[in-house]
Amino acid sequence: MRDAVIVDAVRTPIGKRNGALADIHPADLSAAVLKSLAERNELDPTIVDDVIWGCVSQVSEQASNIGRNAVLAAGWPETVPATSVNRACGSSQQAVSFAAAGVIAGQYEFAIAGGVESMTRVPMGSAAQGGIAAPDSLLQRYGVQGFNQGVGAEMIAEQWGFSRTQLDEFSLRSHELAAAATAAGAFTDQLVSVGGLTADEGIRTGGTLEKLATLATPFKENGVISAGNASQISDGSGALLITTSENAAARGMKPIARIHTAVVAGDDPVIMLTAPIRATKLALEKSGLSIHDIGAFEVNEAFAPVPLSWLVETGADAERVNPLGGAIAVGHPLGGSGAILMTRLVHHMRAHGIRFGLQTMCEAGGLANATIVELI
């Protein structure tokens, strides 16, 4: 039976909005990781059957099939095809699932999955300019005037009873872990230097609860969600090379991990950010594994209440969740985040001999992907 393995995974450092990556076109940002994958693995791009590229705001510089433009910007042969997908924040995690499915089905022998978002050059919300994405029929169904992730995060905090202090403590943890991982060289083998940037740009040290408590709560008066306990607006890209174990062995490649189980789930689009809970349970049921079998988790830190509510509902070991920090510290370049998280996860698993890892992330519309990977 065919399987799908991750031969290699790379990412750019994540840049702050208007930071070190601000002058780089998103197609060039994407091309950097594609070229790195080829160089690191002595890969002839002509054998790549498809490049599946996640991106959320597919307008302006990210329009016109950003995946295809990335392939051409990388200087790869015109015969290498590519497509772009959008499952909101889970776009490049979905790209990994699509690539794995294609490989297992025999439609692909070699595929590359990844994604990009330059939130500096193509600001969040650009794709909806000039109109409201939700029709009246949808708004009337839920009795709302619109859907807002920040409001959803406030709803989660209220429903699970999280205080502002708890959320800010989680934020400080994220920065501390990310800073420690960077200092220890945990990301060295996965990073592709771009624009002179060699490390994730958003990590802060020296933060305090007192400083965080002074930040405004824009989604609710006297609320608990602030810029300090939410993901940073960022630029970045990541990519993974996926094939079968047999193909890898034939070319002398040594895969990192096998894609064990992949699911997608839907939940309430108003609270919006709770679907990772359901997606995780579906993935565990499908895999036959328990939460205690998983040695490392990447739960995207869109807002602090997301991983905190996930922890309460899943019963996972908190020490295994986002052990290298998360999006609160390093940033969340939307369409690139799924591939970036998967890259961080599989390299961490290899470094520490962790057999199973699970990645999940909330997505606009009340969606979530969950993927279980197994170390080889």
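Residues numbered from 1 in each chain as written. Predicted model: local features only at pLDDT ≥ 70, side-chain atom pairs only at ≥ 80, totals over all residues. Heavy atoms only, no water.

## Focus: the overall build of the protein chain
We count it as follows: Think of it this way: any DSSP run of H or I at least four residues long counts as a helix, any run of E at least two long counts as a strand, and we number them from the N terminus. Only C-alpha atoms enter the radius of gyration, while the globule expectation follows 2.2 Å times N to the 0.38, with N the number of residues. Whether a residue is buried, partly exposed or exposed follows from its accessible area with a 1.4 Å probe, protein chains only, as a fraction of its type maximum: under 20%, in between, or over 50%, in that order. Working rule for contacts: check all heavy atoms of both residues, and any pair within 4.5 Å makes them a contact. Per-residue accessibility takes into account occlusion by the displayed protein chains alone, with areas from the Shrake-Rupley method and a 1.4 Å probe.
A count of helical and extended segments in the protein chain gives 12 helices and 10 strands. Taking 2.2 N^0.38 as the reference for a compact globule, 376 residues should give roughly 21 Å; the C-alpha atoms of the protein chain span a radius of gyration of 19 Å, in line with that estimate. A principal-axis box enclosing the C-alpha atoms of the protein chain has dimensions of 60 × 45 × 45 Å. Scored against the burial criterion, the 376 residues of the protein chain give a buried share of 59%. Partitioning the intrachain contacts of the protein chain with sequence separation of at least 6 by distance along the chain shows that 81% fall at a separation of at least 24. On the protein chain, roughly 14,700 Å² of surface is accessible, and the fraction owed to carbon and sulfur atoms is 49%.

## What to know about the pairing of strand E9 (residues 356-363)
Filter applied, for reference: Pairing between two strands requires that DSSP report at least two bridges joining them.
Within E9, eight of the eight residues are buried, which leaves the element mostly enclosed by the surrounding structure. Burial along E9 is two-sided: Phe356, Leu358, Thr360 and Cys362 facing one way and Gly357, Gln359, Met361 and Glu363 facing the other are all buried. Where E9 lies against strand E10 (residues 367-375), eight bridges are found, and the strand directions are antiparallel. Bridge pairing links glycine 357 to valine 373 in E10. Counted between consecutive antiparallel strands, the loop separating E9 from E10 contains three residues, among which glycine 365 sits at a positive phi close to 90 degrees.

## Concerning the nonpolar core
Rules: Residues belong to one nonpolar core when they are buried, are Ala, Val, Leu, Ile, Met, Phe, Trp, Tyr or Cys, and are joined through side-chain atoms within 4.5 Å.
Among the nonpolar cores identified, the biggest contains 40 residues, and Leu167, Leu273, Ile294, Phe297, Phe303, Trp310 and Ile372 are the most heavily contacted of them. If you list the elements that add at least two residues to this core, you get helix H5 (149-160), helix H6 (164-183), strand E7 (257-266), helix H9 (275-287), strand E8 (296-299), helix H10 (305-314), E9 and E10. In contact with leucine 167, not counting residues within four places along its chain, are Ala157, Phe162, Val224, Ile225, Asn229, Ala304, Pro305 and Leu308. Membership of the second largest hydrophobic core comes to 36 residues, among which are Leu34, Val51, Val194 and Leu241.

## Quick notes on helix H12 (residues 334-352)
Our working rule: To estimate how far a helix should reach, multiply one less than its number of residues by 1.5 Å.
Look at H12: 28 Å from first C-alpha to last across 19 residues, which is about the 27 Å you get at 1.5 Å a residue. Across the 19 residues that make up H12, a large majority, 16, are buried. Of the residues flanking the end of H12, it is glycine 353, one or two places downstream, whose phi is positive at about 65 degrees.

## Details of the confidence of the model for the protein chain
In low-pLDDT segments, the atomic positions of the prediction should not be examined closely. Basically, it comes down to this: A residue's pLDDT is the confidence the predictor assigns to it, expressed on a 0 to 100 scale.
Averaged over all residues, the pLDDT of the protein chain equals 97, while 99% of them reach at least 70. Ranking the elements of the protein chain by mean pLDDT puts helix H4 (residues 136-142) last with 96 and strand E3 (residues 50-54) first with 99.

## A few points about the pairing of E7
Bridge analysis of strand E1 (residues 5-11) against E7 gives two bridges, and the strand direction is antiparallel. For isoleucine 6, the partnering residue across the bridge sits in E7 and is alanine 257. Examined bridge by bridge, E7 and E10 share nine bridges and lie antiparallel to one another. From the neighbouring strand, alanine 262 faces E10, where its bridge partner is threonine 371.

## So, empty space enclosed by the protein
This is how the line gets drawn: The pocket and cavity definitions rest on a 1 Å grid over protein atoms only: a 1.4 Å probe that fits but cannot leave marks a cavity, an open set with protein on both sides within 12 Å along at least five of seven lines marks a pocket, and residues lining either have an atom within 4 Å of a point. Grid points are joined across faces, edges and corners, and a volume is the space filled by probe spheres set on the points. Each residue is assigned to one of three groups, with Ala, Val, Leu, Ile, Met, Phe, Trp, Tyr, Cys and Pro labelled nonpolar, Asp, Glu, Lys and Arg labelled charged, and all others, Gly among them, labelled polar.
Enumeration over the complete set of coordinates arrives at one cavity of 30 Å³ or more. There is about 40 Å³ of room inside the largest cavity. In terms of lining, the largest cavity is formed by Ile14, Asn300, Ala327, Val330, Gly331, Ser337, Ile340, Leu341 and Arg344. When residues of the lining of the largest cavity are traced back to their parent elements, those giving at least two are helix H11 (327-330) and H12. Broken down by element, the lining of the largest cavity gets its largest block of residues, four residues, from H12. For the lining of the largest cavity, the residue count by class is five nonpolar, three polar and one charged.

## Let's talk about the packing of aromatic side chains
For clarity, the threshold we go by: When two rings of Phe, Tyr or Trp (its six-membered ring) have centres within 6.5 Å they constitute a pair, described as stacked for plane angles under 30 degrees, edge-to-face for angles over 60, and tilted for the intermediate range.
A complete count under the given rule lists three aromatic pairs for this structure. Judged by centre distance (6.1 Å) and plane angle (75 degrees), the ring pair of tyrosine 142 and phenylalanine 147 falls under edge-to-face. The class for tyrosine 142 is partly exposed, based on a relative accessible area of 29%. Between phenylalanine 219 and phenylalanine 303 the ring centres are 6.2 Å apart and the planes differ by 85 degrees, which places this aromatic pair in the edge-to-face class. Taken together, the positions of phenylalanine 219 in the loop between helix H7 (209-212) and strand E6 (234-243) and phenylalanine 303 in the loop between E8 and H10 put the pair 84 residues apart, joining distant regions of the chain. Phenylalanine 219 sits in the partly exposed class, given a relative accessible area of 33%. A relative accessible area of 9% means that phenylalanine 303 is categorised as buried.

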